[in-house]
Amino acid sequence: MLNKLLTKLQQKYSDSSLFKEGGVLAPVEEKEKLRKVTLPLFRLMFSPFNQILDHGKVFFALSLSAALLITLSATLLGFNYLCAYSSGSAEGLFCSNSLLGYFAYSIIKMLILAYVGIKWYEYVFISRPMSKKSIFAVDGRYLKFAGSLLLVLLLNLLPILSWWILYMRNPNPDWRVEMVFFAVVSLGFIVPIVLLRFYSALVFVMRGEKIPSLSYLWHQTSGNSLKIFLSFMLILVVAMFVFGNLYTNFRALSLNVSLYNMLLSEYIYDFFALFIYISILNNLNIQYEILYAQAEEDAHAGN
């Protein structure tokens, strides 16, 4: 279905580089289609956590240091975890409502997450030895991956934007206009679900490879949507359990704010956030290895 839509758009906008061969919106040709592979559900659901356990040294080395950097930037810029409780009303707690400040904090955080993601891929998935030289080695992939993470974050905020638009607007007296408007705006609610089939594009960025067209990604994940959804639901359930407990247990700290409490709560929160983040990256790398790398090897072997 997506490929047919992109084919029609390609015919209409044939001069656009987006729809030309190799473009991100180019429809996938029959010769480019690889044999569809079925994702193993249990591996997709549980291997992301097992990989963290199997590479505990790398995980702690990256997450502990990254959590410290995020903690310092969040606290200094006024977005400490304890601000979720007191909104800056507690004495000694600096909380900011600055959009510019939050944008700066988000950029810093995306850069840190990009660093962690690529280093995790290098040390775990291609078994690059961890050394002082490799720790400080960076290239253009890091900026590109940080930008990709920021784009994914913004796209996943579309349901909030849709809800805000529907909440703030005055209903149109013409029910037909109202129905059309509601249908269009409500599309934002399903964007995160549709995006599940395209997240593996992030792995191509981490590996420094060219991102395939959306139709190609859609084709390769065809028939695996439910498994991808269930695997991400498990990570979401773990995240809700972890952060729900953190929110409940740290409530007492918001009543007795000190520099120690501020740094401790933010640090623990960031550490577990990195655990969830790396679990997601592991899931995407498994998808890449099976749906793209393995499928391509099978296709070459068949030829």
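Peer 1: Any chance you could break down the overall build of the chain for me, citing the residues and the numbers?
Peer 2: The helix and strand inventory of the chain stands at 14 helices and 0 strands. The order of helices and strands in the chain, counted from the N terminus, is α-α-α-α-α-α-α-α-α-α-α-α-α-α. In the chain, which comprises 303 residues, the proportion classed as buried is 42%. Taking all contacts inside the chain whose residues are at least 6 apart in sequence as the whole, residues at least 24 apart take part in 76%.

Peer 1: Account for helix H3 (residues 56–77), naming residues and giving values.
Peer 2: Its 22 residues give H3 an end-to-end C-alpha distance of 31 Å, which sits within 8% of 32 Å, the value for a rise of 1.5 Å per residue. All of the buried residues in H3 are Gly56, Val58, Phe59, Leu62, Ser63, Ala66, Ala67, Ile70, Thr71, Ser73, Ala74 and Thr75. Gly78 occupies a position one or two residues after H3 and carries a positive phi of about 90°.

Peer 1: So what's going on with the packing of aromatic side chains? Residues and values would help.
Peer 2: Applying the stated rule across the entire model yields 21 aromatic pairs. Centroid distance Phe42 to Phe46: 6.1 Å. Interplanar angle 15°. Geometry classified as stacked. Taken together, the residues Phe42 and Phe46, both in helix H2 (residues 41–54) and 4 residues apart, mark about one turn of the helix. On the basis of relative accessibility, which here comes to 63%, the residue Phe42 falls in the exposed class. For Phe46, a relative accessible area of 38% puts it in the partly exposed group. Ring geometry for Phe79 versus Tyr102: centroids 5.1 Å apart, planes at 70°, classification edge-to-face. On the criterion of sequence distance, the pair formed by Phe79 in the loop between H3 and helix H4 (83–86) and Tyr102 in helix H5 (residues 99–125) is long-range, its members being 23 residues apart. Three or more aromatic residues link up through ring pairs in this structure, and these residues are Phe49, Phe59, Phe60, Phe271, Phe272 and Phe275.

Peer 1: Quick rundown of the confidence of the model for the chain? Include the residues and the values.
Peer 2: For the chain, per-residue confidence averages 84 on the pLDDT scale, and 83% of positions sit at 70 or higher. Mean pLDDT values for the elements of the chain range from 53 in helix H1 (residues 2–12) up to 95 in H3.

Peer 1: Please give an account of the packing of H2 against helix H13 (residues 225–249) that cites residues and values.
Peer 2: Packed helix pairs are characterised by how far apart their axes lie and by the angle those axes make with each other. At a closest axis distance of 8 Å, the pairing of H2 and H13 adopts a crossing angle of 30°. By the angle between their directions, the pair H2 and H13 is classed as roughly parallel. Like other packed secondary-structure pairs, H2 and H13 cross with a definite hand, here right-handed. Across the interface between the two elements, Leu41, Leu44, Met45, Phe46 and Phe49 of H2 pack against Lys227, Ile228, Leu230, Ser231, Leu234, Ile235 and Val238 of H13.

Peer 1: Which residues make up the pattern of salt bridges, and what are the values?
Peer 2: Applying the stated criterion across every chain, the model contains 5 salt bridges. Here Arg141 and Glu122 are joined by a salt bridge, their closest N and O atoms 2.6 Å apart. In this pair, Arg141 sits in helix H7 (residues 140–156) while Glu122 sits in helix H5, placing the two residues 19 residues apart along the sequence. Arg141 gets classed as buried once you look at its relative accessible area, which sits at 17%. Beyond isolated ion pairs, a larger network of salt bridges with shared partners links Lys119, Glu122, Arg128, Asp139 and Arg141.

Peer 1: Tell me what's going on with the nonpolar core, and back it up with residues and numbers.
Peer 2: Among the nonpolar cores identified, the biggest contains 55 residues, and Trp120, Phe145, Leu149 and Tyr277 are the most heavily contacted of them. In terms of residue count, the dominant contributor to this core is H5 (12 residues). Of all hydrophobic cores here, the second largest spans 11 residues; its members include Leu82, Val242, Val257 and Met262.

Peer 1: Mind laying out the side chain of Asn285, listing which residues take part and the relevant values?
Peer 2: Along the chain, the position of Asn285 falls in helix H14 (residues 259–302). Using a relative accessible area of 1% as the deciding quantity, one classes Asn285 as buried. Not counting residues up to four positions away in its chain, the partners in contact with Asn285 are Tyr121, Phe125, Val203, Met206 and Arg207.

The rules behind these values
Residues numbered from 1 in each chain as written. Predicted model: local features only at pLDDT ≥ 70, side-chain atom pairs only at ≥ 80, totals over all residues. Heavy atoms only, no water. Helix = DSSP H or I, 4+ residues; strand = E, 2+ residues; numbered from the N terminus. Buried < 20%, exposed > 50% of the residue type's maximum accessible area, 1.4 Å probe, protein only. Contact = heavy atoms within 4.5 Å. Expected span 1.5 Å × (residues − 1). Phe/Tyr/Trp six-rings, centres within 6.5 Å; stacked < 30°, edge-to-face > 60°. pLDDT = per-residue confidence, 0-100. Axes fitted to C-alpha atoms, helices over the stretch in contact; angles between N-to-C directions. Parallel < 35°, antiparallel > 145°, perpendicular 65-115°, else oblique. Left-handed = near helix turned anticlockwise from the far one by under 90°. Salt bridge = Lys/Arg side-chain N within 4 Å of Asp/Glu carboxyl O. Core = buried A, V, L, I, M, F, W, Y, C linked by side-chain atoms within 4.5 Å.

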